[in-house]
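What follows is each chain in one-letter form.
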Amino acid sequence: MAAKKSKSAGAPDPEEFRSEALAQALGKQDVAAVALALRHGNTVVPLLHAGDRDNPLDSGEVWTFRDPNTGDVALLLFSDAKNKPANLPPGVGIYSPEWLQKFLTTHRETITTVFLDIAGPHPMQASPDELLKALGA
């Protein structure tokens, strides 16, 4: 009988790449609940490449979408890694509200829109400024 492969030490469980509060808020299309979930919970973000596990300062490189026709840049956020479309880079990271606030503040002149669960099951869209207000910035 073949032995199961063990997870590498420190690897997050798949259920950790999920925000139940954000999923429920998106399911209800409740803007206030989405704001609350983003303010108090983690968010799943697609990564171009994961960070170096041996370097806590390396959180990976976030993947964004640039529209080839307009040049507009979109940040995609997910309530669950399972909701990330397969055609995006395979890596994901789970980030805190503080990280999201800092990332949006740093890139607010570049990012034109933020999509939440863009492929469903309950997508929403917001501007970076709207999300920063929701995060209390």
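See the structure shown above.
A quick note: this is a predicted structure, and the numbers were derived from the prediction, not measured.

Novice: How would you sum up the sheet that holds strand E1 (residues 43-49)? Please name residues and give values.
Specialist: Within the open sheet, the 3 strands sit side by side as E2-E1-E5. Their pairing is antiparallel. At either margin of the open sheet sits one strand with a lone partner, and together these are strand E2 (61-62) and strand E5 (91-95). Relative to E5, E1 runs antiparallel, the two sharing 5 bridges. Bridge pairing links threonine 43 to tyrosine 95 in E5.

Novice: Give me the sheet that holds strand E4 (residues 73-77): which residues, what numbers.
Specialist: Pairing is mixed in the open sheet, where 4 strands are placed in the order E3-E4-E6-E7. Both outer strands of the open sheet, strand E3 (64-66) and strand E7 (124-126), are each paired with one neighbouring strand and no more. The average angle at which neighbouring strand axes cross in this sheet is 25°, direction not considered. Bridging between strand E6 (residues 111-116) and E7 involves 3 bridges; their strand directions are antiparallel. Across the sheet, the residue bridging to valine 114 is alanine 126, located in E7.

Novice: Lay out the environment of alanine 134 with the relevant residues and their values.
Specialist: Within the secondary structure layout, alanine 134 lies in helix H4 (residues 128-134). Separated by 98 residues in sequence, alanine 134 and leucine 36 have C-alpha atoms that sit 7.3 Å apart.

Novice: For the pairing of E6, give the residues involved together with the corresponding values.
Specialist: The pairing of E4 with E6 spans 5 bridges and is parallel. Bridge pairing links leucine 76 to phenylalanine 115 in E6.

Novice: Go over helix H3 (residues 97-106), please, and point to the residues and values.
Specialist: Among the residues of H3, Pro97, Trp99, Leu100, Phe103 and Leu104 are the ones counted as buried. Around the axis of H3, the buried residues are gathered within 155° of arc, so they sit on the same side. Turned more than 90 degrees off the buried face of H3, the exposed positions are Glu98, Lys102 and Thr106.

Novice: Residue-level account of the nonpolar core, with values.
Specialist: In terms of nonpolar packing, the biggest core is built from 25 residues, with Leu38, Leu75, Leu77, Leu100 and Leu104 touching the most fellow members. Of all elements in the fold, only helix H1 (20-28), helix H2 (31-40), E1, E4, H3, E6, E7 and H4 reach the threshold of two or more residues within this core. Here this core takes 4 residues from H3, the largest share from any one element. In this structure leucine 75 touches Val62, Trp63, Thr64, Leu100, Phe103, Leu104, Ile111, Thr113, Val114 and Phe115, once residues within four positions along its chain are discounted.

What counts, and at which threshold
- Residues numbered from 1 in each chain as written.
- Predicted model: local features only at pLDDT ≥ 70, side-chain atom pairs only at ≥ 80, totals over all residues.
- Heavy atoms only, no water.
- Pairing = 2+ DSSP bridges.
- Helix = DSSP H or I, 4+ residues; strand = E, 2+ residues; numbered from the N terminus.
- Axes fitted to C-alpha atoms, helices over the stretch in contact; angles between N-to-C directions.
- Buried < 20%, exposed > 50% of the residue type's maximum accessible area, 1.4 Å probe, protein only.
- Arc of directions from axis to C-beta.
- Core = buried A, V, L, I, M, F, W, Y, C linked by side-chain atoms within 4.5 Å.
- Contact = heavy atoms within 4.5 Å.

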